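Architecture and fold: a report
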Amino acid sequence: MAKPNIPQGTRDFGPEVVRKRQYIFNTIKSVFELYGFQPLETPAMENLDTLMGKYGEEGDKLIFKILNNGLDNPAKHQQAKEDFEKVLQGKNTKGITERALKYDLTIPFARYVAMNHGQLTFPFKRYQVQPVWRADRPQKGRYREFYQCDADVVGSNSLINEVEFVNIYHQAFIKLGLTNYDLRINSRKILSALSELCGGADKMTDITIAIDKLDKIGLDKVKEELSQRGLNGDQISIIENYLNINGSNEEKLTQIKTLLANSGTGKKGIEEIEYVLTSSTQNSNPQTVNLSIDFTLARGLNYYTGIIFEAKAPAEVKIGSIGGGGRYDDLTGLFGVPNVPGAGISFGVDRIYDVLEELKLFPETVAQGTKALFFNLGLEESKTAFRLLQQVRQEGIAAEIFHEQAKMDKQFKYAEKKNIPYVVIIGSKEIEEKICAVKDLQKGEQQKIPFEELATFLSK
RNA sequence: GUGAUUGUAGCUCAGCUGGUUAGAGCAUCAGAUUGUGGUUCUGAGGGUCGCCGGUUCGAACCCGGUCAGUCACCCCA
């Protein structure tokens, strides 16, 4: 038997890890609920048609495809071979694969809305926490199976939604202890106005891909890349002016207004950012949101049409993006149901986990499962212990008894490893006096508690 | 898809220019310690050095291949 193994880029989550992950999930979910979002789940797999062509050329390559069943049916050999030839040429064919693992939660959601738009009440606000799969090469902060935590609202054009999303990000990050999160905002309308200024809307993808890298590779390399992507000197210098915009949010707005003065789309984008910026900073409490304008922000997914967001981890952990989102005006249009505008955000839970771990931000209580371990000191003793144990459980306190009579040394070690804060010792002496010795392992202190007061004591 | 790098005990790693029975720390188990753990001391178990092949009198070490992991680029959470 070969050594057991799991596929590249996937992980098992042990008990402590699951506890910590659930802490993150629950924190974010509770904020979603607070803002009126409802839960939704969709299948792990979708029809390949549903997913293909929605994430750009690169995205399509990263979709995990599922091999059809029944390919070994002799009657279909000839067809299967012909279809496979097509696959070798880089084409997709239903003969070989017609289903795939979902790549994100947004497109399946759009599919759900398109399928059920007759029954849904709009605006429809849903949140969804499920794994997604990408056939990417794993590396730091990057997995082939990872969880997304999305909230979207469809059926509303109002910018109030964007403002709410800013506050959701803020509130969730604060609850998680990530006070110095970094939330950026931009608008696809501004990027589109810039592209028009530089030779046409078809250049938008090239431009956004290049300027998105400004942080990482610097201005000179960005200019180089723009030139490689077919932009001329005049166009590049416009972009250079655009990239040189800096200062506070207000200063950036002033500068962009001058640059895009002649563009209707641009003006619209600027107004929207201004609105979201002022509304979300006014309404926020207990502290101000860290929302800053970043005109280099592009977002890879090309279905965004308005405001876009990106949340970054504090710079010192070097993990990068921990969330993102934005407005998409016609996502369900891809599925034949036009005029359903939407906006949404996503939290990258796996990366948030890494950030919290690195910054030691998990509360200690997260690691705790069992609250008290009852020592097993013999057959008679354990009968009393078991009776008390059940009483304690009746009060909703997680407790367990050591599985066999053993040296105290061993039982202490078990409690310590399982992070159990209290041990309850009941021996012959204690039974006689109807008290138990309760030891607080962290403090190392021990006290005598009468049997009938044990549950109350532990529930504190 | 492109490039780099690593693979030795359950874990983290050492192992000199190839030389005989491959080491350490942590962890595990037992004892010092018959109802009070985390400290200390003593002892024990555990490895066909990722796999296949080559060079050599001799390979954990050199060479080729292969598999797996990690990191970076592309792209992205």
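As the structure is a computational prediction, the values presented were derived from the model and not from experiment.

Two side chains of opposite charge can pair, provided their charged atoms sit close to one another. Applying the stated rule across the entire model yields 22 salt bridges. In this structure, Glu 164 engages Lys 125 in a salt bridge whose closest nitrogen and oxygen atoms are separated by 4.0 Å. One end of the pair, Glu 164, is in helix α6 (residues 160–175); the other, Lys 125, is in strand β5 (residues 124–133), and 39 residues separate them in sequence. Given the relative accessible area of 27%, Glu 164 is considered partly exposed. Among the charged side chains, a salt-bridge network with shared partners connects Asp 206, Lys 213, Glu 225 and Arg 229.

Take unusual backbone geometry next. The linkage connecting Phe 122 with the following residue, Pro 123, adopts the cis geometry, with an omega of -5°. Backbone geometry at Asn 339 places phi at a positive 65°, although glycine is not the residue there. One can find Asn 339 in the loop between β10 (321–328) and β11 (342–348). Not every positive phi belongs to a glycine, and Asn 419 is a case in point at roughly 60°. Take Asn 419: it is sitting in the loop between α15 (408–417) and β14 (422–425). What makes Asn 419 partly exposed here is its relative accessible area of 42%.

What follows deals with α6. Each turn of an α-helix holds 3.6 residues, which means side chains three or four residues apart point in the same direction. Given a rise of 1.5 Å per residue, 16 residues ought to cover 22 Å, and the 22 Å separating the end C-alpha atoms of α6 matches this to within 8%. Within the span of α6, buried status applies to Asn 161, Glu 162, Val 163, Phe 165, Val 166, Asn 167, Ile 168, Tyr 169, His 170, Ala 172 and Phe 173. Downstream of α6 by a residue or two, Gly 177 has a phi angle that is positive, lying close to 85°.

With that out of the way, let us pick up helix α10 (residues 233–243). All buried positions along α10 are accounted for by Gln 235, Ile 236, Ile 239, Tyr 242 and Leu 243. Down the axis of α10, the buried side of the element spans an arc of 110°, and every buried residue falls inside it. Of the residues in α10, the exposed ones pointing more than 90 degrees away from the buried face are Gly 233 and Asp 234. Those residues of α10 that are buried are in contact with β7 (182–187), α7 (188–197), α8 (204–211), α9 (214–228) and α11 (249–259). For α10, the N-terminal capping position is held by Asn 232, with its side-chain oxygen 3.2 Å away from the main-chain nitrogen of Asp 234.

Turning to the sheet that holds β5, a few remarks are in order. Ordered by their spatial adjacency, eight strands build an open sheet running β1-β5-β6-β11-β10-β9-β7-β8, and the pairing between neighbours is mixed. Of all strands in the sheet, those with a lone pairing partner are β1 (38–39) and β8 (291–293), marking the two edges. Here seven bridges tie strand β6 (residues 145–154) to β11, and the two strands are oriented antiparallel to one another. By the bridge assignment, Asp 152 is partnered in β11 with Gly 344.

This part is about the pairing of strand β9 (residues 307–312). Along a regular strand, successive side chains alternate from one face of the sheet to the other. When you tally the buried positions in β9, you get six out of six residues, the bulk of the element. Residues of β9 alternate between two faces, with Ile 307, Phe 309 and Ala 311 on one and Ile 308, Glu 310 and Lys 312 on the opposite face, all of them buried. Looking at chain direction, β7 and β9 are connected through six bridges and run antiparallel. Within β9, the position partnered with Arg 184 by the bridge is Glu 310. In terms of strand pairing, β9 meets β10 through five bridges, oriented antiparallel. Pairing of Phe 309 across the sheet is with Gly 325, part of β10.

UniProt records the feature "binding site: L-histidine" (unreviewed entry) at Asp 104, Leu 105, Thr 106, Arg 134, Gln 148, Asp 152, Arg 299, Tyr 303 and Tyr 304, using the numbering of this structure. Within the element layout of this structure, Leu 105 appears in the loop between β4 (97–101) and α5 (106–116). Since its relative accessible area comes to 0%, Leu 105 is described here as buried. If we ignore the near neighbours within four places in the chain, the residues touching Leu 105 are Arg 126, Gln 128, Val 129, Gln 130, Val 132, Gln 148, Cys 149 and Asp 150. Note on placement: Tyr 303 falls in the loop between β8 and β9.

Our focus in this paragraph is the side chain of Ser 192. Looking at where Ser 192 falls in the secondary structure, it is placed in helix α7. When its relative accessible area of 19% is taken as the criterion, Ser 192 is described as buried. If sequence neighbours within four positions are ignored, Ser 192 has contacts with Met 204 and Thr 265.

Moving on, we get to the protein's contact with RNA strand B. Contacts to RNA strand B come from 38 residues, most closely from Arg 137, Arg 142, Ser 321, Lys 417 and Glu 430. Considering the 4 Å shell around the protein, atoms of RNA strand B inside it are sugar or phosphate in 47% of instances. The separation between a phosphate oxygen of RNA strand B and a polar side-chain atom of Gln 139 is 3.0 Å. Within the side chain of Arg 351, an N or O atom sits 3.1 Å from a sugar or linking oxygen of RNA strand B. Residue contributions to the surface near RNA strand B peak at six residues, all from α15. Of the residues in the surface near RNA strand B, the class split is nine nonpolar, ten polar and 19 charged.

Cut-offs and rules
- Residues numbered from 1 in each chain as written.
- Chains lettered and ligands numbered in written order.
- Predicted model: local features only at pLDDT ≥ 70, side-chain atom pairs only at ≥ 80, totals over all residues.
- Heavy atoms only, no water.
- Salt bridge = Lys/Arg side-chain N within 4 Å of Asp/Glu carboxyl O.
- Helix = DSSP H or I, 4+ residues; strand = E, 2+ residues; numbered from the N terminus.
- Buried < 20%, exposed > 50% of the residue type's maximum accessible area, 1.4 Å probe, protein only.
- Expected span 1.5 Å × (residues − 1).
- Arc of directions from axis to C-beta.
- Contact = heavy atoms within 4.5 Å.
- Polar contact = N/O pair within 3.5 Å; in protein donor to acceptor, adjacent residues only side chain to side chain.
- Pairing = 2+ DSSP bridges.
- UniProt positions renumbered as here; feature names shortened; annotations may be inferred.
- Near = heavy atom within 4 Å.
- Nonpolar A, V, L, I, M, F, W, Y, C, P; charged D, E, K, R; others polar.

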